[in-house]
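Chain by chain, the residues run as shown.
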Amino acid sequence: MGNKTVFITGATSGIGEATARVLAEKSFRLILCGRNQSKLNAIKSELGALTEVTTLVFDVRKRSEVESAISGLSSEWSVIDVLINNAGNAHGMDEIHKGDIQDWEDMIDGNVKGLLYVTRSIVPSMVERQSGHVVNIGSTAGKEAYPKGNVYCASKHAVDAINNGMRMDLVQYGVKVSQINPGLVNTGFAGVRFKGDEEKASKVYEGMNPLVANDIAELIWFVISRPAHVNVSDTIIMPSAQASSTQVIRKV
Ligand code: 8X3
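Keep in mind the model is a prediction, meaning the values are calculated, not measured.

S.K.: When you look at the site of the ligand in this model, what are you seeing that I'm missing?
M.R.: Every residue lining the ligand is accounted for by Ser-139, Thr-140, Ala-141, Tyr-146, Tyr-152, Pro-182, Gly-183, Phe-189 and Arg-193. Within the side chain of Ser-139, an N or O atom sits 2.6 Å from an oxygen atom of the ligand. Here Tyr-152 contributes a side-chain N or O atom positioned 2.6 Å from an oxygen atom of the ligand. Within the complex, the protein chains bury 89% of what would otherwise be the 240 Å² of accessible surface of the ligand. For the shell around the ligand, a count of residues per class yields 5 nonpolar, 3 polar and 1 charged.

So this is what it looks like as structure tokens:
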């Protein structure tokens, strides 16, 4: 068998892009997915010097786009060894009675339903082959809620439950399921959450040394490169200055 093929959602930025870079260095074949074709093209032309890369453009929130993109993969790319369910984001941070309902729709549609659409399209072929690995990117927000996190935390708690249920369903078919739950990672995450309000976004990481996307990418590589008998079922990764969603030591 040649090098493993890895399917990454949300590959145009943050953890997804960093994971593409780390895995390209390790010669995994990559199917990079995102909404932005020109960004995907740029990453493909860069990483194409290291490994085989193809791209798929779709929005995980749109079921028909997900299904047609994945079913349209050529035979050269249709055997997916590892699915990394990374796409997702936080939108807004408000007390529950002030929440923007469109933000709620976006988080539930992307973080929960999008993950399910992609999983449902890819996992049947893993079951058929009795081989494969799904890595779900959860969050510390999926382990404990925090003030004003309400719906984002709910969406990541859903990922936690789906991850655990999926592992129970798929163990009998030889398909591994793993979850990675990052705490504070300095990607574009806070910028998206606060809709481009850089002042609010910069406060998230103020006075502390957050994780960077590459820290998570290295953990993903570790998880998918264990021997066949090892499944890292669940992990939490936080900056050294963080002990929980609500306890962060800041030197300001
Ligand atoms: C990212 C971690 O604490 O911003 O999912 O929710 S947090």
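S.K.: Sorry, what's going on with the nonpolar core here?
M.R.: Core analysis: the biggest nonpolar cluster contains 32 residues, and Val-6, Ile-8, Leu-30, Leu-32, Ile-84 and Ile-180 have the highest contact counts within it. For this core, the secondary-structure elements that each account for two or more residues are β1 (5–8), α1 (14–25), β2 (29–34), α2 (37–47), β4 (82–85), β5 (132–137) and α8 (213–224). When residues of this core are assigned to their parent elements, the largest contribution, 7 residues, is made by α8. If you look at the next biggest cluster of nonpolar residues, it comprises 28 residues, including Ile-80, Met-126, Ile-162 and Leu-170.

S.K.: Help me understand helix α5 (residues 150–170) in this model?
M.R.: Structurally, the α-helix is built with 3.6 residues per turn, so residues lying three or four positions apart point the same way. If you check α5, its first and last C-alpha atoms are 30 Å apart, about what 21 residues at 1.5 Å a residue would give, namely 30 Å. At its buried positions, α5 is contacted by α4 (101–129), β5, β6 (175–182), α6 (189–193) and β7 (234–237).

S.K.: What is the right way to read the pattern of salt bridges from this model?
M.R.: Pairing between side chains of opposite charge can happen when the charged atoms of each approach one another. Tallying each qualifying case throughout the model produces 14 salt bridges. The salt bridge partner of Glu-46 is Arg-21, with a shortest N-O separation of 2.5 Å. In this pair, Glu-46 sits in helix α2 while Arg-21 sits in helix α1, placing the two residues 25 residues apart along the sequence. The partly exposed category is assigned to Glu-46, whose relative accessible area is 44%. Here Arg-21 falls in the partly exposed class, since its relative accessible area comes to 28%. Taking the shortest distance from any N to any O, the salt bridge between Asp-160 and Lys-143 comes out at 2.8 Å. With Asp-160 in helix α5 and Lys-143 in the loop between β5 and α5, this pair connects stretches of sequence that are 17 residues apart. Judged by relative accessible area, Asp-160 falls into the buried class, the value being 14%. In this structure Lys-143 comes out as partly exposed when scored by relative accessible area, which is 31%.

S.K.: Before we go on, may I ask you to explain the sheet that holds strand β3 (residues 53–57) in this structure?
M.R.: Strand pairing in a sheet relies on backbone hydrogen bonds. The paired strands run either parallel or antiparallel. Strand order in this open sheet of 7 strands is β3-β2-β1-β4-β5-β6-β7, and the pairing throughout is parallel. If you trace the sheet from one side to the other, it starts and ends with β3 and β7, each paired once. Sheet twist, expressed as the mean angle between neighbouring strand axes with direction ignored, is 15°. Both β5 and β6 contribute to a ladder of 6 bridges, which runs parallel. Across the sheet, residue Ile-137 finds its bridge partner in β6, namely Ile-180. Set on the sheet, α5 makes contact with β5, β6 and β7; between it and β6 the angle comes to about 160°.

S.K.: Please clarify how the side chain of Asn-86 should be interpreted in this entry.
M.R.: Residue placement: Asn-86 occurs in the loop between β4 and α4. Note on Asn-86: relative accessible area 11%, which makes it buried. Residues contacting Asn-86, with those up to four places away along its chain left out, are Thr-9, Gly-10, Ile-15, Gly-16 and Ile-137.

S.K.: What should I look at first to understand the environment of Leu-83 in this one?
M.R.: With respect to the helices and strands, the residue Leu-83 is situated in strand β4. Residue classification places Leu-83 among the buried residues on the basis of a relative accessible area of 0%. In sequence terms Leu-83 and Ser-245 are 162 residues apart; their C-alpha atoms lie 27 Å from each other. When sequence neighbours within four positions are dropped, the list of residues in contact with Leu-83 reads Phe-7, Val-118, Thr-119, Ile-122, Met-126, His-133, Val-134 and Val-135.

Quick notes on the rules
- Residues numbered from 1 in each chain as written.
- Predicted model: local features only at pLDDT ≥ 70, side-chain atom pairs only at ≥ 80, totals over all residues.
- Heavy atoms only, no water.
- Near = heavy atom within 4 Å.
- Polar contact = N/O pair within 3.5 Å; in protein donor to acceptor, adjacent residues only side chain to side chain.
- Areas by Shrake-Rupley, 256 points an atom, 1.4 Å probe, with all protein chains shown as cover.
- Nonpolar A, V, L, I, M, F, W, Y, C, P; charged D, E, K, R; others polar.
- Core = buried A, V, L, I, M, F, W, Y, C linked by side-chain atoms within 4.5 Å.
- Buried < 20%, exposed > 50% of the residue type's maximum accessible area, 1.4 Å probe, protein only.
- Helix = DSSP H or I, 4+ residues; strand = E, 2+ residues; numbered from the N terminus.
- Expected span 1.5 Å × (residues − 1).
- Contact = heavy atoms within 4.5 Å.
- Salt bridge = Lys/Arg side-chain N within 4 Å of Asp/Glu carboxyl O.
- Pairing = 2+ DSSP bridges.
- Axes fitted to C-alpha atoms, helices over the stretch in contact; angles between N-to-C directions.

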